[in-house]
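# Structural features, examined
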Amino acid sequence: MRFRSAAERYAKAQLVFIGRADGRDILHRDGGPPTAATRFVVQRTLKGERQQVRKIVHSEETAGMCGIRFRRGQTYLVIAYRAEGRWHTNSCSAPQF
């Protein structure tokens, strides 16, 4: 979903932070794209509860799907939502203005 502005996207977000990807765990593979959890060292929390480390669940990047891959050591602006007791993101939730 595209938003008309960064302000609109921010207003609808549950969690927004800047963090460095610090590793990832594969949670499961069920014949489709694997589901992973990337661990981020949070540099700055822009919205939501402050924590030093966040684990964000996502599908791995594959063609035509909303998967996303974070590279270890790279810094990202992460926009996440809460579902089933965990924080999630995908390429459709990534910053797109």
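Note that the structure is a prediction, hence the values are computed from the model and not measured. All residue numbers here refer to positions counted from 1 along the written sequence of the relevant chain. Only residues with pLDDT of 70 or above have their local features reported here, since the model is predicted, and side-chain atom pairs are shown and tallied only from 80 upward, although totals for entire chains, interfaces and linings are computed over all residues. The side-chain quantities take in all heavy atoms of the structure and omit both hydrogens and water.

## Things to note about the overall build of the chain
Our working rule: Helical segments are the DSSP runs of H or I of at least four residues, strand segments are the runs of E of at least two, and each set is numbered from the N terminus. The rule is simple: take the accessible area with a 1.4 Å probe, protein chains only, and divide by the maximum for that residue type; under 20% is buried, over 50% is exposed, in between is partly exposed. Two residues qualify as a contact provided that any one of their heavy atoms is within 4.5 Å of a heavy atom in the partner residue.
Across its full length, the chain carries 1 helix and 5 strands. Buried positions account for 36% of the 97 residues belonging to the chain. Partitioning the contacts of the chain with sequence separation of at least 6, the portion at a separation of at least 24 is 54%.

## Section: the environment of Ala 13
With respect to the element layout, Ala 13 can be found in the loop between helix H1 (6-12) and strand E1 (15-28). For Ala 13, a relative accessible area of 7% translates into the label buried. A sequence separation of 34 residues divides Ala 13 from Lys 47, and the C-alpha atoms of the two residues are 7.9 Å apart. Not counting the four nearest positions on each side in its chain, Ala 13 is found in contact with Lys 47 and Ile 79.

## Quick look at unusual backbone geometry
A negative phi angle characterises most non-glycine residues, just as the trans form characterises most peptide bonds. For Glu 84, which is not glycine, the phi torsion reads 55° and is therefore positive. Assignment of secondary structure puts Glu 84 in the loop between strand E4 (75-83) and strand E5 (86-88).

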